[in-house]
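Summary of the model geometry
Next come the chains, spelled out residue by residue.
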Amino acid sequence: MFVVRELLYAVILFFITHFFIRSLLFKNARKLPPGPKGWPLVGALPLLGSMPHVALAEMSRKYGPIVYLKLGARGMVVASTPDSARAFLKTLDLNFSNRPTDAGATNLAYNSQDMVFADYGPRWKLLRRLSNLHMLGGKAIEDWAIVRKVELGHMLQAMYESSIRGEKVVVAEMLAFVMANMIGQVILSRRVFVTKGTESNEFKDMVVELMTSAGLFNIGDFVPSIAWTDFQGIVRGMKRLHKKFDVLLNRMFKEHMKTKHERKEKPDLLDTLMDNRDNSEGERLTDTNIKALLLVFFLRKHPSTPLNLPRVAIEACEVSGYYIPKGTRLSVNIWAIGRDPSVWENPLEFNPDRFLHGKNAKIDSRGNNFELIPFGAGRRICAGTRMGILLIEYILGTLVHSFEWKVPDGVKLNMDETFGLALQKAVPLDAIVTPRLPPSAYSV
Ligand code: HEM
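What counts, and where the lines are drawn
- Residues numbered from 1 in each chain as written.
- Predicted model: local features only at pLDDT ≥ 70, side-chain atom pairs only at ≥ 80, totals over all residues.
- Heavy atoms only, no water.
- UniProt positions renumbered as here; feature names shortened; annotations may be inferred.
- Helix = DSSP H or I, 4+ residues; strand = E, 2+ residues; numbered from the N terminus.
- Buried < 20%, exposed > 50% of the residue type's maximum accessible area, 1.4 Å probe, protein only.
- Contact = heavy atoms within 4.5 Å.
- Areas by Shrake-Rupley, 256 points an atom, 1.4 Å probe, with all protein chains shown as cover.
- Phe/Tyr/Trp six-rings, centres within 6.5 Å; stacked < 30°, edge-to-face > 60°.
- Donors = N, O, S within 2.8 Å, 3.2 Å for Na, K, Ca; no water.
- Patch = residues over 30% accessible without salt bridge, like charges linked within 9 Å, V, L, I, M, F, W, Y side chains within 5 Å.
- Salt bridge = Lys/Arg side-chain N within 4 Å of Asp/Glu carboxyl O.
- Axes fitted to C-alpha atoms, helices over the stretch in contact; angles between N-to-C directions.
- Parallel < 35°, antiparallel > 145°, perpendicular 65-115°, else oblique.
- Left-handed = near helix turned anticlockwise from the far one by under 90°.
- Nonpolar A, V, L, I, M, F, W, Y, C, P; charged D, E, K, R; others polar.
- Pairing = 2+ DSSP bridges.
- Near = heavy atom within 4 Å.
- Polar contact = N/O pair within 3.5 Å; in protein donor to acceptor, adjacent residues only side chain to side chain.
- Domains from an automatic or database assignment.
- pLDDT = per-residue confidence, 0-100.
- Expected span 1.5 Å × (residues − 1).

The name given to the protein chain in an unreviewed UniProt entry is Flavonoid 3',5'-hydroxylase, with the source organism recorded as Coptis chinensis. Checking UniProt for the protein chain, the heading Subcellular location (unreviewed entry) contains the comment "Membrane". Recorded in UniProt under Cofactor (unreviewed entry), the annotation for the protein chain is "heme".

Here is the structure:
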């Protein structure tokens, strides 16, 4: 009898201890990062408002560097400080090396067939390798120096003519004109727009629409049961826009094929892609992959990307003691990190000199110092980092050197933003430019 009682006590004690330890472990393992509760069904979606990067920065001030939000049926984690960004994009980079499949990937990127949305794997590697080889890598960038020089010359000429006619310059239109032509030369060996005018302006509007709509939080992506209603009209707009781009790309493809024999000595990116579409691992790029990739490049003219491009947790993991479930979407608030007063002195003051001295002079914006990561970081860091930095320095330097700049009389400089995958200026910048150099410097 005594033995049975002892045994019973031992069994009960075992179960209590087991339950206690399990519940402790389970509790710790399942502790999600803090965040707002949100509403039934849609969760925290309504809290994001029209400027999600600003709303998320405010949440981070309240809840801490890592915030978890339930958005409809999906979870999203947001990193808003250098340390938390490093934890995701460096320590756990491999686990976050895919992007979520959403309406933008489906409707604007040929069902994730491009480099931006492709899963981390052989197809992504092939796209990235060929793009580096012919367009974005160091050697390729050197090879295309002449294209940059000539196209910038065309832009300076167009701006000079505007100034002589006493017209204002719409800066975004000028940049769209020069970027589309530079990229056209590298990809297709031809200028896409001969003169700056209606056609190049329409193209700019298409690019802006794409960059804006791709960044919107489409409710159907988070509440799949009501996705079919598309009540924000985002998917309808994406499909309409995609059709326009597809027509344009098909036309470019066709024209390019007709003239292939002329480029035997100097193939362009499209020739390189077509000739190297198979790799040794049996991966083959389809026409759709190639079209999707070209579309990515014609778009890359506006980014400063406030929320990085989203990533997704391939497996459940732990970050700073918090549990991150599999499938959680990751946003890194690059915008908030750049404005964090504990990282930057007077962050909102325009003071480029801050990068000339002391520790800031050593900051490398190519994904190594998490205080400044305009191009993201890790395996999926911006494929155009080199080209982006080079073009900004080259174009900005040339524009400042070539003209005196002022805003038109009576106009106040407006720095408001419109949210999207890339931030746009809410009111495009108009400027009056006055040549600083002799007229001969502006003729092509
Ligand atoms: C100032 C200019 C630019 C900025 C600030 C910028 C920013 C970014 C950011 C933040 C990402 C996401 C990185 C991540 O997930 O960690 C990205 C991805 C990407 N960018 Fe850029 N970008 C710029 C210019 C360009 C240019 C010029 C190109 C090409 C012509 C380009 C092509 C790409 C591609 C293909 C990806 C996807 C990479 C992948 O998923 O593997 N970008 N960019």
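**What about the overall build of the protein chain?**
Tallying secondary structure elements over the protein chain gives 16 helices and 11 strands in all. With respect to the three principal axes, the spread of C-alpha positions in the protein chain is 110 × 55 × 45 Å. A buried classification covers 50% of the 444 residues belonging to the protein chain. Contacts in the protein chain between residues at least 24 apart in sequence constitute 68% of all its contacts with a sequence separation of at least 6. Summed over its atoms, the accessible surface of the protein chain is roughly 23300 Å², and 59% of this surface lies on carbon and sulfur atoms.

**Focus on the packing of aromatic side chains**
In this structure the tally under the stated criterion is 7 aromatic pairs. When the ring of Phe 403 is compared with that of Tyr 442, the centres are 5.3 Å apart and the planes differ by 40°; the resulting orientation is tilted. Residue Phe 403 is found in strand β8 (residues 403–406), and its partner Tyr 442 is found in the segment after β11 (430–435); the two are separated by 39 residues along the sequence. A residue is classified by how much of its surface remains accessible, and Tyr 442, at 2% relative accessible area, is buried. Every member of this aromatic cluster is reached through a ring pair, and the members are Tyr 160, Phe 403, Trp 405 and Tyr 442.

**A word on the coordination of the iron atom of the ligand**
No protein donor other than Cys 382 (SG) coordinates the iron atom of the ligand, and that contact is at 2.2 Å. For Cys 382, the location among the structural elements is in the loop between α15 (334–338) and α16 (385–402).

**Notes on a nonpolar patch on the surface**
A cluster of nonpolar side chains, Ile 146, Val 150 and Val 444, forms an exposed patch at the surface whose accessible area comes to about 270 Å². Mapped onto the secondary structure, Ile 146 falls in helix α8 (residues 145–164). Given a relative accessible area of 53%, Ile 146 falls into the exposed group.

**Quick look at the packing of α8 against helix α9 (residues 171–188)**
Contact pair α8 / α9: the axes reach a minimum separation of 9 Å and the direction vectors enclose 155°. On the basis of the axis angle, α8 is roughly antiparallel to α9. For the element pair α8 and α9, the recorded crossing hand is right-handed. Counted together, Val 147, Arg 148, Glu 151, Leu 152, His 154, Met 155, Ala 158, Met 159 and Ser 162 of α8 and Met 174, Leu 175, Phe 177, Val 178, Asn 181, Met 182 and Gln 185 of α9 form the full contact between these two elements. Looking at side-chain class alone, the contact of α8 with α9 contains 10 nonpolar, 4 polar and 2 charged residues.

**Concerning the sheet that holds β8**
Spatially, the 3 strands line up as an open sheet ordered β3-β11-β8, and their pairing is antiparallel. The sheet is open, and its two edges are formed by β3 (169–170) and β8, each paired on a single side. Running at roughly 90° to β8, α16 makes contact with β8 and β11 of the sheet.

**As for the UniProt feature "binding site: heme" (unreviewed entry) in the protein chain**
UniProt's entry tags Cys 382 with the feature "binding site: heme" (unreviewed entry), counted in the numbering of this structure. Accessibility expressed as a relative area gives 30% for Cys 382, which makes it partly exposed. Those residues in contact with Cys 382 that sit more than four places away from it in its chain are Arg 128 and Phe 375.

**Here we look at the site of the ligand**
Lining the immediate environment of the ligand, one finds 25 residues, of which Arg 99, Trp 124, Arg 128, Arg 311 and Cys 382 sit closest. Here an oxygen atom of the ligand and a side-chain polar atom of Arg 128 are 2.8 Å apart. In the model, an oxygen atom of the ligand is placed 3.3 Å from a nitrogen or oxygen of the Asn 308 side chain. Mapped by element, the contributors of at least two residues to the shell around the ligand are α6 (122–136) and α14 (287–299). The leading source of residues in the shell around the ligand is α6, at 3 residues. A domain split of the shell around the ligand shows at least three residues from each of domain 1 (29–100 + 310–374) and domain 2 (119–215 + 231–304 + 383–444).

**Comments concerning the confidence of the model for the protein chain**
Of the residues in the protein chain, 93% have a pLDDT of 70 or more, and the chain-wide mean is 89. In the predicted complex, the global pTM is 0.87; the interface-specific ipTM is 0.98.

**Focus on α8**
Its 20 residues give α8 an end-to-end C-alpha distance of 29 Å, which sits within 8% of 28 Å, the value for a rise of 1.5 Å per residue. Within the sequence span of α8, burial applies to Val 147, Arg 148, Glu 151, Leu 152, Met 155, Leu 156, Ala 158, Met 159, Tyr 160, Ser 162 and Ser 163. Just beyond α8, the residue with positive phi is Gly 166, at close to 75°.

**Quick look at unusual backbone geometry**
A positive phi angle is found at Leu 41, which is not glycine, with a value near 65°. Tracing the sequence through the fold places Leu 41 in the loop between α1 (2–29) and α2 (45–48). Taking relative accessible area as the criterion, Leu 41 reaches 59% and is therefore assigned exposed. Backbone geometry places Ser 320, a non-glycine residue, at a positive phi of 50°. Along the chain, Ser 320 falls in the loop between β5 (317–319) and β6 (322–324).

**Side note on α6**
One turn of an α-helix holds 3.6 residues; hence residues three or four places apart share an orientation. By the burial criterion, the buried members of α6 are Trp 124, Leu 126, Leu 127, Arg 128, Leu 130, Ser 131, His 134, Met 135 and Leu 136. Turning to α6, the residues buried within the fold contact α7 (138–143), α9, α13 (269–275), α14 and α16.

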